[in-house]
Amino acid sequence: MLSDEGFIPLNPTTYSNEEMLQRSRALFEQMDKRRSVREYSNQTFPIEILENIIKTASTAPSGAHKQPWTFCIVSSDEIKSKIREAAEEEELENYTRRMSDSWLEDLKPFGTDHIKPFIEVAPYIVVVMKHSYEFGEENEKLQNYYVNESVGIAVGFFLSAVHNAGLFALTHTPSPMRFLKKILNRPENETPYLLIPVGLPADNVQVPNIKRKGLKDIIERY
Ligand code: IYR
């Protein structure tokens, strides 16, 4: 939503170089501790925390500021079970037929298979929907722009906010994800983008022993 006033002053908060150095380092050190988690405790947490996280996600920039996203929060055990059953059906097909040998080989270090208990165990499942277009007042179709980029950025903000809150998540894509639209009864302009369990890790969870690329592997200077 754009304000009626057209343009308003930015009133930016700015910092000295030293402060920027410290702040940038502190955020990196915090984000470097983020890990995807595949095994959850069933311990729940106040939904207001998740709402704050979703408000943070929705501060992301988007094409023409259309904010082409919906974050569906699933806490109903019945709906989680339906989602798990349908997701495992697709994943069984993926692991046994659709994924190439090299893909399966690439996934070996992560120990994944088609069984997805986290969908039922995590207290909340957030299904992120992208809006390919919107409906206007007279049900006419209104265009959205750079929808994949916009929703991807919003999910990045979401994952950072989850980590900042001291919670854990997994970006899960039980593809094809059409079943999510059906189970959640979403309108025709929405397409499932990601399924994200959010919660606390199960006791003594282990994570894959992976390293992140260093600067020299991700930066080119010109
Ligand atoms: N969606 C499947 C397979 C999978 C694919 C990739 I690429 C991953 O990084 C992890 C898993 C699953 O969730 O098991």
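Residues numbered from 1 in each chain as written. Predicted model: local features only at pLDDT ≥ 70, side-chain atom pairs only at ≥ 80, totals over all residues. Heavy atoms only, no water.

## Considerations on the pattern of salt bridges
To keep it simple, the criterion reads: Note on definitions: salt bridges are taken to be side-chain nitrogens of Lys or Arg within 4 Å of carboxyl oxygens of Asp or Glu. Think of it this way: any DSSP run of H or I at least four residues long counts as a helix, any run of E at least two long counts as a strand, and we number them from the N terminus.
Counted by the stated rule, this structure contains nine salt bridges. For the salt bridge of R212 with D32, the shortest nitrogen-to-oxygen distance reads 3.1 Å. Of this pair, R212 sits in the loop between strand 6 (190-199) and helix 8 (215-218) while D32 sits in the loop between helix 1 (17-31) and helix 2 (47-57), and the two are 180 residues apart along the sequence. Residue R98 pairs with E90 through a salt bridge whose shortest N-O separation is 2.8 Å. A single salt-bridge network, built from bridges that share partners, covers R84, E88 and E120.

## Re the packing of helix 2 against helix 6 (residues 147-165)
What counts, and what does not: Here the axes come from fitting lines to C-alpha atoms, over the contacting stretch only for helices, and the angles between their N-to-C directions go from 0 to 180 degrees. Crossing handedness is read from the near helix: turned anticlockwise from the far helix by less than a right angle, it gives a left-handed crossing, and turned clockwise, a right-handed one. By the convention used here, residues are in contact when the closest approach between their heavy atoms is within 4.5 Å. Following the grouping adopted for this structure description, the nonpolar residues are Ala, Val, Leu, Ile, Met, Phe, Trp, Tyr, Cys and Pro, the charged ones are Asp, Glu, Lys and Arg, and the polar ones are all others, Gly among them.
Their axes nearest at 8 Å, the elements helix 2 and helix 6 cross at an angle of 145 degrees. Note that helix 2 runs across helix 6; the crossing there is right-handed. For the pair formed by helix 2 and helix 6, the contact residues are I49, L50, I53, I54, T56 and A57 on the first element and A154, F157, F158, A161, V162 and A165 on the second. Of the residues assigned to the contact of helix 2 with helix 6, the class counts are eleven nonpolar, one polar and no charged.

## A word on unusual backbone geometry
What counts, and what does not: Burial status follows relative accessibility: with a 1.4 Å probe on protein chains alone, a residue under 20% of its type maximum counts as buried, one over 50% as exposed, and anything between as partly exposed.
The step from S175 to P176 runs through a cis peptide bond, and the omega angle for that step is -10 degrees. With respect to the helices and strands, P176 occurs in the loop between strand 5 (168-169) and helix 7 (178-183). One non-glycine residue, N139, lies in positive phi territory at about 65 degrees. Within the fold, N139 resides in the loop between strand 3 (133-135) and strand 4 (141-143). Although it is not a glycine, N204 sits at a positive phi angle of roughly 55 degrees. Note on placement: N204 falls in the loop between strand 6 and helix 8. Classification of N204 by relative accessible area gives exposed; the value is 76%.

## Quick word on the packing of aromatic side chains
Basically, it comes down to this: The pairing test for Phe, Tyr and Trp rings, Trp by its six-membered ring, is centres within 6.5 Å, and the orientation test on the planes gives stacked under 30 degrees, edge-to-face over 60, and tilted for anything in between. Over a ring means this: the NZ of a Lys or the CZ of an Arg is within 6 Å of the ring centre and within 35 degrees of the ring normal.
A full pass over the atoms with the stated rule returns three aromatic pairs. Judged by centre distance (5.5 Å) and plane angle (85 degrees), the rings of Y133 and F135 are edge-to-face. Look at Y133 and you get buried, because its relative accessible area is 15%. F135 gets classed as partly exposed once you look at its relative accessible area, which sits at 33%. Here K141 stacks its cationic end above the ring of Y133, 4.7 Å away from the centre of that ring.

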